Amino acid sequence: MMRILFWIGLIVLIVFAVRSKLRAMAKRHGVPPDTARGPAAPSAQIEAMAQCAHCGMYFPASESVKADGLDYCSPGHVRLPPP
Ligand SMILES: [Zn+2]
């Protein structure tokens, strides 16, 4: 009987530890715990991508180097002519 109580207590402790860990992870990402799970993730976390006008590589738009109305992946590719 004591062995069953021990295992039930251990399982409850593990469940509480996992739940608090998930809540801490959701808080770190700035998402309330209720919206953190499920396939309907907020679209605000998906960053827009840009394509380099020289090499054609895709990269986050926030890291783009803009010159003459075009996006480049690095300052070095701004100086190089298009292929
Ligand atoms: Zn490039």
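Now for a quick tour of the structure. The shown structure was predicted, so the numbers you read here are calculated from the model rather than taken from an experiment.

Bringing a nonpolar patch on the surface into the picture now. Among the surface-exposed residues, Phe6, Trp7, Leu10, Ile11, Ile14, Val15, Val18, Leu22 and Met25 lie close enough to one another that they form a single nonpolar patch of about 850 Å² accessible area. Exposure remark for Met25: the relative accessible area of 37% places this residue in the partly exposed category.

At this site the zinc ion is bound by Cys52 (SG), Cys55 (SG), Cys73 (SG) and His77 (ND1), with donor distances of 1.9 to 2.4 Å. Geometry at the zinc ion is tetrahedral, judged from the four donor atoms that bind it and their angles of 96 to 120° at the metal. Counting along the primary sequence, the residues that act as donors to the zinc ion give the motif C-x2-C-x17-C-x3-H. Separated by 18 residues along the polypeptide, Cys55 in the loop between β1 (49-51) and β2 (58-60) and Cys73 in the loop between β4 (70-72) and α3 (75-79) bring together distant segments of the chain. Classification of Cys55 by relative accessible area gives partly exposed; the value is 39%.

Here we take up the nonpolar core. Formed by Ala50, Cys52, Phe59, Ala67 and Tyr72, the largest nonpolar core amounts to five residues. For Cys52, the residues in contact, after removing those within four places along its chain, are Met57, Phe59, Asp71, Tyr72, Cys73 and His77.

Aromatic ring pairs are defined here through the distance separating the ring centres and the angle between the ring planes. Counting across every chain of the model gives one aromatic pair. Ring centres 5.5 Å apart and planes at 70° place the aromatic pair Phe6 and Trp7 in the edge-to-face group.

Parameters and conventions
- Residues numbered from 1 in each chain as written.
- Predicted model: local features only at pLDDT ≥ 70, side-chain atom pairs only at ≥ 80, totals over all residues.
- Heavy atoms only, no water.
- Patch = residues over 30% accessible without salt bridge, like charges linked within 9 Å, V, L, I, M, F, W, Y side chains within 5 Å.
- Areas by Shrake-Rupley, 256 points an atom, 1.4 Å probe, with all protein chains shown as cover.
- Salt bridge = Lys/Arg side-chain N within 4 Å of Asp/Glu carboxyl O.
- Buried < 20%, exposed > 50% of the residue type's maximum accessible area, 1.4 Å probe, protein only.
- Donors = N, O, S within 2.8 Å, 3.2 Å for Na, K, Ca; no water.
- Tetrahedral: all angles 85-135°; square planar, octahedral: opposite > 155°, others 65-115°.
- Helix = DSSP H or I, 4+ residues; strand = E, 2+ residues; numbered from the N terminus.
- Core = buried A, V, L, I, M, F, W, Y, C linked by side-chain atoms within 4.5 Å.
- Contact = heavy atoms within 4.5 Å.
- Phe/Tyr/Trp six-rings, centres within 6.5 Å; stacked < 30°, edge-to-face > 60°.

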